[in-house]
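Residue strings, one per chain:
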Amino acid sequence: MATQTPHAPAEDGFERVRGGLVLLIAASALGDLLAMWAGRSLLAAALTALLLTAVLMLGAWRPRGGGPLRIWYALALAAWLLCFAAMHWLPADTQRLVLGLPPATAAALLGLWLAPLLLVTLPYVLHFNTAVLDAADLAALEAAAAPESAARAETRP
Amino acid sequence: MTPTIMAISAAYFALMLGIGLWAARRTRTMSDFFVAGRGVGMVAIALATMSSAMSGFLFIGGPGIQYQAGFGTLLLTMPAAVSFALAWLLLAKRMKLLAMARPLLTVPDAIHARYDSNLARGLAAVAVLLGVLGYLATQTLAMGVVLARIFDLSLVWGVSIGVVIVAIYAVGGGMIAGIYTDVVQGAVMVLAALATFALALEVGGGMGGMVRSIAADSPDWVGPFGLLEPGVAIGWYLVFALGILGQPQVVHKFYMIDEVRKLRWGPLLAAVCAVLASLVWLSVGTAMRALVAEGAEPLAQADEAAPRFMLEYAPALLAGVFFAGVAAASMSTADSFLIIGASALVRDLPLAFGRQPSEATQFRAGRVVTLLLCVAAGAIALASGQLVAVLGIFGWGMFASSLAPALGLGLNWSRATTAGAVASLLVGIIGTLALELNHLFGWLADPLPAQLYRSAAVFLLSTLTFIAVSLATPRRAPAADVARVMAV
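Note that the coordinates shown come from a computational prediction; the quantities given were computed from them, not determined experimentally. Each chain has its residues counted from 1, running along the sequence as written. Lettering of chains starts at A and numbering of ligands starts at 1, both following the order in which they are written. Local features in this predicted model are restricted to residues of pLDDT 70 or higher, and side-chain atom pairs are both shown and tallied only at a pLDDT of 80 or more, whereas totals for entire chains, interfaces and linings draw on every residue.

**So, the overall build of chain A**
At step 1: Numbered from the N terminus, helices here are DSSP runs of H or I no shorter than four residues, and strands are runs of E no shorter than two. Regarding its fold elements, chain A presents six helices and zero strands.
At step 2: Long-range pairs, those at least 24 residues apart, make up 54% of the contacts in chain A between residues at least 6 apart in sequence. Placing a C-beta atom from the backbone of each residue, one calls two residues in contact when those atoms lie within 7 Å.

In structure tokens, the structure reads:
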């Protein structure tokens, strides 16, 4: 099994962006914790949306950049923010119903169920071959893993 | 229960046992037992992931808390629209590619590969065991309750029969049985949920009619946060979205897919199925609340919402599939957790202490420990009363708080250090245990305000600890093969 090397890797643009995203995750997590503690639910919701988006960006960021997924995730952030604002500010009574629900509740269903499905999950599928795992990456990884796999195959009974 | 419901349930359990026996004939190695021989297809992985993440709670607990607290409780299940994409995006390809380079079988294996630390592996194994204990106890109790209800038995008999059925297929068929019973279960969950959704709308007189009836009785119930503190609902959304990065019953399945390119369609299939299955939560809880608001007898316990609705309003065929589905969901989820728990005991903990059991030993011991865990889960479920509920609540929170930062962020950030991982694992384990046990036994005044969900607090604290300690300790590059995978 390979061992860790004591050398630090060269800091490049890719790692700097990821480092920046992790700092954004830390800042939004801290803000979220404080906002929840203080009972500021709209602020907590906004920071939750920011935290989720930062984690998505961290997962999507690759040496060649964020690719098309970053656009989708920016739209997802906007949808989350709009949705949480609507949940707090739209009427929650039954004078007018949308989809059989009070407007604020319907906003939750559309913004937290439908929008992430369309803006986060579907783009993963659409851009998988270019933005998640392309053929060149896979070929390089398979070549790198070949000696380990062969060694394991040899030791098998 | 009617003979029709009993007959459908009996046929369903026979099918589960049949899958178990089929799987047992294909389980010959340690890899077969713990990771289904790494030969599972995309649809099976997606459905099994969805059903093991949602479990029987979707059908009983979900409508129950919806009945009790309103639409805000949907923020527990809405994260499914994004959480599967999160898991696939941050972890799926990296865990699968790591497993191509190294002989990884468990989540603590991945932690060890990332940080080259037996301490981190051992703590991850402890977190897995504690979480598994919680899930197993609740799943076993749920299984026993439903079996007792279907066949008019005592709870002891219900739990005992359930444990025997699970033991037969888990000990024999290992994770292969777990995966394929989950697949059947996932398909049944979606179909039963759609049929139940249509029925609930019809019985309740449409969503608008139900909402107006409830609002006349309890206006806040129909709001977006229901009767919950908004902060608690937001905390649920956060923990159930990001917490998936630490759920071994989900991320462990990334080792099992037969080909890395097949990871493409998984999150969409899992998310769509989860959203459709969640319609049962939305509709049954609302229908029962509306019926009570219109004069029906109130429920003695909120968890009675779905069983009573199905018994009073559903045709026997649908009710039969529903009840059998709930019991089978608990069984298949219990089976997955049995294998994960067994692997923590026979593989991860010995490796963390520097012992290297042979593959044959792990395979044999895995079966024995699975059987022992099965018996222990039954005993805990029957003996621990209220504690079972607490164990179940902290299962997801324990995995989220202890494993998600070290695994989910750690495999995507090369600056993460072993010290950061160990510190966040400790914060997750100790924080979750301390807050949940204090809440149960009331040793001290609750240190958190009412609007702050306990698991959200520990999850955020653990994430902050992971990042802060990593930045404060000397960087150490991951091993070359791990670094290659992390850069993809």
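There's more to say after this.
**Overview of the overall build of chain B**
At step 1: For chain B, the helix and strand inventory stands at 20 helices and zero strands.
At step 2: Overall size of chain B, expressed as C-alpha extent along the three principal axes, is 65 × 50 × 45 Å.
At step 3: A residue is called partly exposed when the number of other C-beta atoms within 10 Å of its own lies between 12 and 20, exposed at 12 or fewer, and buried at 20 or more, with C-beta atoms placed from the backbone. Within chain B, the proportion of its 488 residues that are buried is 66%.
At step 4: Sequence separation of at least 24 residues holds for 86% of the intrachain contacts in chain B that already meet a minimum separation of 6.

**Digging into the nonpolar core**
At step 1: Ranked by internal contacts, the top residues of the largest apolar core, which has 255 residues, are L86(B), A87(B) and A127(B).
At step 2: No other element matches the 21 residues that helix α8 (residues 155-204) of chain B contributes to this core.
At step 3: Beyond its immediate chain neighbours, meaning those up to four positions away, L86(B) contacts V55(A), L56(A), A241(B), L242(B), I244(B) and L245(B). We define the nonpolar core as any set of buried residues of the types Ala, Val, Leu, Ile, Met, Phe, Trp, Tyr and Cys, connected via C-beta atoms lying within 7 Å of each other.

**Considerations on the confidence of the model for chain A**
At step 1: Taken over all residues, the pLDDT of chain A has a mean of 87, while the share at 70 or more is 84%.
At step 2: Confidence per residue, as judged by the predictor, is encoded in pLDDT with a range of 0 to 100. Low pLDDT, under 50, characterises residues 1-10 of chain A; the stretch is placed with 20 contacts to residues that sit more than four places away or in other chains.

**As for helix α10 (residues 230-242) of chain B**
At step 1: Taking 1.5 Å of rise per residue, 13 residues should cover 18 Å, and α10(B) covers 18 Å from first to last C-alpha, within 8% of that figure.
At step 2: Among the 13 residues in α10(B), 13 count as buried, and that is most of the element. Each helix should span, by expectation, one fewer than its residue count multiplied by 1.5 Å.

**Observations concerning helix α1 (residues 13-38) of chain A**
Along an α-helix, a turn takes 3.6 residues, which lines up residues three or four apart on a common side.
Residue and element names in this part refer to chain A.
At step 1: The first and last C-alpha atoms of α1 sit 37 Å apart over 26 residues, in line with the 38 Å expected at 1.5 Å per residue.
At step 2: Of all the positions in α1, only R18, L21, V22, I25, A26, S28, A29, D32, L33, A35 and M36 are classed as buried.
At step 3: Two residues or fewer after α1 comes G39, characterised by a positive phi angle close to 75 degrees.

**Description of the interface of chain B and chain A**
At step 1: Contact with chain B, which involves 69 residues of that partner, is made by 66 residues of chain A.
At step 2: With twelve residues, helix α5 (residues 80-101) of chain B is the single largest residue contributor to the side of chain B that touches chain A.
At step 3: Three categories are distinguished: nonpolar for Ala, Val, Leu, Ile, Met, Phe, Trp, Tyr, Cys and Pro, charged for Asp, Glu, Lys and Arg, and polar for the others, with Gly belonging to the last. The residue makeup of the side of chain B that touches chain A, split by class, is 50 nonpolar, nine polar and ten charged.

**Details of the packing of α1(A) against helix α19 (residues 454-472) of chain B**
At step 1: Orientation is described by lines fitted to C-alpha atoms, with helices fitted over the stretch in contact, and by angles between N-to-C directions that extend from 0 to 180 degrees. Where α1(A) contacts α19(B), the axes come no closer than 9 Å and their chain directions differ by 145 degrees. Here α1(A) runs over α19(B); the crossing is left-handed. Between α1(A) and α19(B), the residues in contact are V22(A), I25(A), A26(A), A29(A), L30(A), D32(A), L33(A) and M36(A) and A456(B), A457(B), L460(B), L461(B), T463(B), L464(B) and I467(B), respectively.
At step 2: For the contact of α1(A) with α19(B), the class distribution of residues is 13 nonpolar, one polar and one charged. By convention the crossing between two helices is left-handed if the near helix lies anticlockwise of the far one by an angle smaller than a right angle, and right-handed if it lies clockwise.

**Some points on the environment of Y73(A)**
All names here are of chain A.
At step 1: Along the polypeptide, Y73 turns up in helix α3 (residues 69-89).
At step 2: The class for Y73 is buried, based on 23 C-beta atoms found within 10 Å.
At step 3: Sequence separation between Y73 and V120 is 47 residues, and the spatial gap between their C-alpha atoms is 6.4 Å.
At step 4: Aside from chain neighbours lying at most four places away, what touches Y73 is T53, L56, M57, A60 and V120.

**A closer look at the confidence of the model for chain B**
At step 1: Confidence in the prediction for chain B averages 90 pLDDT; 98% of positions are at 70 or higher.
At step 2: Overall fold confidence (pTM) sits at 0.92, and the ipTM for the predicted complex is 0.93.

**Some details on the packing of helix α7 (residues 118-151) of chain B against α8(B)**
Residue and element names in this part refer to chain B.
At step 1: It is the contact of α7 with α8, at a shortest axis distance of 7 Å, that shows an interaxial angle of 115 degrees. Where α7 crosses over α8, the handedness of that crossing is right-handed. Every residue of α8 that contacts α7 at T140, L141, M143, G144, V145, L147 and A148 is listed here: L155, W157, G158, V159, I161, G162 and V163.
At step 2: Of the residues in the contact of α7 with α8, the class split is ten nonpolar, four polar and no charged.

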